[in-house]
Amino acid sequence: MMKSVGFIGWRGMVGSVLLERMIQENDFIKIHPHFFSTSQPGQDGPIINNILFKNLKDAYNINLLKEMDIILTCQGGFYTNAVYSKLRKENWRGYWIDASSTLRMSDDSIIVLDPINLKIIQEGLDNGIKTFVGSNCTVSLMLMALGGLFSKNLIEWISVSTYQAASGAGAKYIIELLKQMGALYNVVSKDLLNKSYSILDIEKKVTKEIENNQFPLKYFPIPLAGNLIPWIDIDMNNGQSREEWKGQFETNKILGFKNKVIIDGICVRISSIRCHSQSFTIKLNKNLSLKNIEEIIVSHNNWVSFVPNSIEETISKLTPSSVTGTLNIPIGRLRKMNIGEKYFSAFTVGDQLLWGAAEPLRRMLNLLINI
């Protein structure tokens, strides 16, 4: 019997990418979909395979939610906080799939990334786990790139620097970034056509515009265009941001470890649109050749690919623009480091909205509808 699946937050970036992927993979023919809204119940919903889903359901109506076998929400933590506990207290025994971080570290939830932890997911299902949560985006993308080394327990620790896209903050942040880019161009557009105009004068105009009180700045704490933001999320009161904290704790939960692997570093917001990049310093617990490391990495899953450590290959295949909108997880810049034989560097990039968010949820849904 096909399961009834309720979708909440399907209009946002992650939700839109999820629906797009489900249409591409013909997932909707396997379920009875129901679309909910937190703000527009009763209005028309999406068009799926040329069928208009009319009369959106109220996403806060517990009785309607209880009718679902599976609920998949990309609505955010505020919605999960408002609804999840009420639903469980009403003795709803369905499956909850969540893109937000609210339930990630709960004892009765599993963080899902099935190319990495399918065994743990299956064990959880056998043990009656009903709550499945998507991982932090950089954690998912790191694990997809380095999964082979994790699966063989070869990593002692990782120091990471992330370069995270505006999409990780949300749609309104992308729009604000684009407005900032436009404002900077507009202030010097005529000067750029004047070959005799000093580049230093152009730079001064740009800098002055960034500091202008009228510069588009409603959501970011400081301008991102022509800039970067070396802090993401709240302060953990130890000099570490919550985004940086997630790297170690979520990774170990996904892998079923008890803080076995040490992961730390600095997370930075950059002006990429939707792809996160990460630079790693990795210490292995044994000395392996670069060729062996490469073979272990690329043999782990179907999406990771090795990029030779050359200028041409790196700048053509290891950038946000080269992977945006795809499921590809390239990894390159592999080299042994001067600090020791067990140390090597690596660089990876992946689409924050696909493997970083929507794809693990889609795949978890497919696991559940096939039970």
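The paragraphs below set out a description of the structure included in this document.

Here helix H5 (residues 137-151) contains 15 residues, and its C-alpha end-to-end distance of 19 Å stays within 8% of the 21 Å for a straight helix at 1.5 Å per residue. Burial within H5 is extensive, with 14 of its 15 residues counted as buried. Backbone geometry just after H5 places Asn153 at a positive phi near 55°.

The tally for this structure, following the rule as stated, stands at 15 salt bridges. Across the pair Lys205 and Asp191 runs a salt bridge whose closest N-O atoms are separated by 2.7 Å. Note that Lys205 is positioned in helix H7 (residues 199-210) and Asp191 in helix H6 (residues 171-192), a separation of 14 residues in sequence. For Lys246, the salt bridge is made with Glu243, and the minimal N-O distance between the two is 3.6 Å. With a gap of three residues between them, Lys246 and Glu243 both fall in helix H8 (residues 242-255), about one helical turn apart.

It is worth spelling out the environment of Phe280 at this point. Structurally, the position occupied by Phe280 is in strand E12 (residues 275-284). The exposure class assigned to Phe280 is buried, which follows from its relative accessible area of 1%. For the pair formed by Phe280 and Leu255, sequence separation is 25 residues and the distance between their alpha carbons is 19 Å.

Compared with the 18 Å implied by 1.5 Å per residue over 13 residues, the 18 Å span of helix H3 (residues 77-89) between its first and last C-alpha is a close match. If you look at H3, its biggest bend is around 30°, right at Val83. Summarising the contacts, the buried residues of H3 are in contact with strand E1 (3-8), helix H2 (62-65), strand E6 (70-73), strand E7 (95-98) and strand E9 (131-134). The first or second residue beyond H3 is Asn91, which carries a positive phi of 70°.

Before going further, it helps to examine the side chain of Ser37. Locating Ser37 in the fold gives a position in strand E2 (residues 31-37). Taking the relative accessible area as the measure of exposure, Ser37 reaches 4% and is therefore buried. Not counting chain neighbours up to four residues away, the residues in contact with Ser37 comprise Arg11, Leu56, Lys57, Asp58 and Ala59.

Okay, the packing of aromatic side chains next. In the structure shown here, the tally under the stated rule is 16 aromatic pairs. For the ring pair Tyr95 and Phe132, a centre distance of 6.4 Å and an interplane angle of 40° mean the geometry is tilted. Taken as a pair, Tyr95 in strand E7 and Phe132 in strand E9 lie far apart in primary sequence, 37 residues in all. Taken individually, Tyr95 and Phe132 each receive the classification buried, so the pair is uniform in this respect.

Calculation rules
- Residues numbered from 1 in each chain as written.
- Predicted model: local features only at pLDDT ≥ 70, side-chain atom pairs only at ≥ 80, totals over all residues.
- Heavy atoms only, no water.
- Helix = DSSP H or I, 4+ residues; strand = E, 2+ residues; numbered from the N terminus.
- Expected span 1.5 Å × (residues − 1).
- Buried < 20%, exposed > 50% of the residue type's maximum accessible area, 1.4 Å probe, protein only.
- Salt bridge = Lys/Arg side-chain N within 4 Å of Asp/Glu carboxyl O.
- Bend = angle between axes of the 7 residues up to and from the residue.
- Contact = heavy atoms within 4.5 Å.
- Phe/Tyr/Trp six-rings, centres within 6.5 Å; stacked < 30°, edge-to-face > 60°.

Purely geometric numbers; function is a separate question.
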